[in-house]
Each structure stands twice: as structure tokens, then as C-alpha cells.
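Coordinates in review
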Amino acid sequence: MSALMEKSFRTSTADGAVVEFGLVRHALLAKLAQGTLRHEDVCDAHPELLRAAKNIGRATGETCPVCSDAELVEVTYVFGSRLPSGGTCPTSRAELLKLERREDPVQCYAVEVCVACSFHHLVRKWSAGGRQVRRAPLRQQRKVGE
Ligand SMILES: [Zn+2]
């Protein structure tokens, strides 16, 4: 169990902690096996997510644990101010890096998706950006209001 914990929750050496959700997924699949959860409960990926998975999903090399019919792909969503409210999906590592270096803080979520059965699961989340002192924009805003 402790080995599983270590594997599931690791802290990245880069900026900010990376939270891995391996344990959650493990519990999810166990419930599925027990019949406490139905396939419909976990295989309900949003059409937008499925489209992103088909277009820009990165291969994970792992077969879907639910249907075993397809390889899981990973899609990253980035949320932050002045980004689309539904988040934006970087299509390359370079694009992700650019988002991670924004002045404003961003929240990143990596989701694994199976395009065959619509299984989806949050793999990890991390925060980035926001390294600059953020007082300047606030002062500007106040000035506009005065
Ligand atoms: Zn599947």
C-alpha cells in the first residue's frame, strides 16, 4: 500500500507540486469490478473531450483498463485568466510550456481518455505561471476606476 501511495503521489522537482490521481483511479476501477459503479458512470467523456482526445491526445502506451479495446490518450487542459472559460488544450509541449510561463497563474489538468469507450479520468493536476509580482495590473485597474 505504501509503495502504491509513493507511486501515486509524487512531487515534481520543477515548480509547484504535481498531484497524481493514481489511487483515485485504482479505487474507481475496483468499484467498477465490484459493480458498485457502472460503465456508464465512468465512460461518459464529454464530446468536446473526445474530440480533443482524437485530435491532439498524446499516446500513453497504456491500454484502456475498462474496455481493453484502445490505447488511452492524454489531453491537457489549462485554465487561467484571459484563457477560454472551458480551458485551452495545448497541442504541443512547446505550447504547454508557453502557457506555464504566463504572468498569470494557470491550473493544468491532464486527463486520460479512451476514444473507444469514452472512459476518462483525471490523471494529475498542477499549477504554474504567476511568477511575476501581480501588483501592477491591480494598480492599473484602480486608476481606471478613479
Ligand atoms: Zn475504453
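Residues numbered from 1 in each chain as written. Predicted model: local features only at pLDDT ≥ 70, side-chain atom pairs only at ≥ 80, totals over all residues. Heavy atoms only, no water.

**Overview of the overall build of the chain**
Of the regular secondary structure elements, the chain holds six helices and five strands. The linear arrangement of helices and strands in the chain, starting from the amino end, is α-β-α-α-α-β-β-α-β-β-α. A burial count over the chain gives 35% of its 146 residues as buried. For the chain, the accessible surface area stands at approximately 9600 Å², while carbon and sulfur atoms represent 51% of it. (Helix = DSSP H or I, 4+ residues; strand = E, 2+ residues; numbered from the N terminus. Buried < 20%, exposed > 50% of the residue type's maximum accessible area, 1.4 Å probe, protein only. Areas by Shrake-Rupley, 256 points an atom, 1.4 Å probe, with all protein chains shown as cover.)

**A few points about the packing of aromatic side chains**
Summed over all chains, the structure comprises two aromatic pairs. Members of the aromatic cluster, each reached through a chain of ring pairs, are Tyr77, Phe79 and Tyr109. (Phe/Tyr/Trp six-rings, centres within 6.5 Å; stacked < 30°, edge-to-face > 60°.)

**Quick word on the state of the cysteines**
What the rule picks out here adds up to zero disulfides. Here Cys43 stays unpaired: no disulfide links it, and the sulfur of Cys117, its closest cysteine neighbor, is 3.9 Å away. Note on Cys43: relative accessible area 16%, which makes it buried. (Disulfide = S-S within 2.5 Å.)

**Section: the coordination of the zinc ion**
With distances of 2.3 Å, the protein atoms coordinating the zinc ion are Cys64 (SG), Cys67 (SG), Cys114 (SG) and Cys117 (SG). Geometry at the zinc ion is tetrahedral, judged from the four donor atoms that bind it and their angles of 106 to 112° at the metal. Residue classification places Cys64 among the buried positions, given a relative accessible area of 1%. A residue is classified by how much of its surface remains accessible, and Cys67, at 22% relative accessible area, is partly exposed. (Donors = N, O, S within 2.8 Å, 3.2 Å for Na, K, Ca; no water. Tetrahedral: all angles 85-135°; square planar, octahedral: opposite > 155°, others 65-115°.)

**Quick notes on the pairing of strand β5 (residues 120–129)**
Sheet topology note: the strand β1 (residues 19–20)/β5 ladder contains two bridges and is antiparallel. Pairing of Val19 across the sheet is with Lys125, part of β5. (Pairing = 2+ DSSP bridges.)

**Some remarks on the confidence of the model for the chain**
Per-residue pLDDT for the chain has a mean of 83; in total, 79% of the residues score no lower than 70. Predicted confidence in the chain is weakest over helix α1 (residues 2–8), with a mean pLDDT of 40, and strongest over strand β3 (residues 71–80), with 96. Taken together, the stretch residues 1–14 has pLDDT below 50 and engages in 16 contacts with residues farther than four places along the chain or on a different chain. (pLDDT = per-residue confidence, 0-100. Contact = heavy atoms within 4.5 Å.)

**A word on the pattern of salt bridges**
If you walk through the whole model with that rule in mind, you get nine salt bridges. The partner of Arg51 in a salt bridge is Glu48, with the nearest N and O atoms 2.8 Å apart. Of this pair, Arg51 and Glu48 both sit in helix α4 (residues 47–56), three residues apart, which is roughly one turn of that helix. Of the residues examined, Arg51 reaches a relative accessible area of 47% and is grouped as partly exposed. Through salt bridges with shared partners, a single network forms among Glu20, Arg58, Glu74 and Arg124. (Salt bridge = Lys/Arg side-chain N within 4 Å of Asp/Glu carboxyl O.)

**Describing the sheet that holds β5**
Pairing is antiparallel across the open sheet formed by five strands, whose spatial order is β1-β5-β4-β3-β2. A single partner strand is all that each edge strand has here, and the edge strands are β1 and β2 (58–63). Two elements, β2 and β3, share three bridges in a ladder whose sense is antiparallel. Opposite Arg58, over in β3, you have Glu74 as the bridge partner.

**Some thoughts on α4**
The set of residues buried in α4 consists of Leu49, Leu50, Ala52 and Ala53. The arc that holds every buried residue of α4, seen down its axis, measures 160°, which confines them to one face. With respect to the buried face of α4, the exposed residues turned more than 90 degrees away are Pro47, Lys54 and Asn55. Residues of α4 that are buried sit in contact with β3, β4 (105–113) and β5. (Arc of directions from axis to C-beta.)

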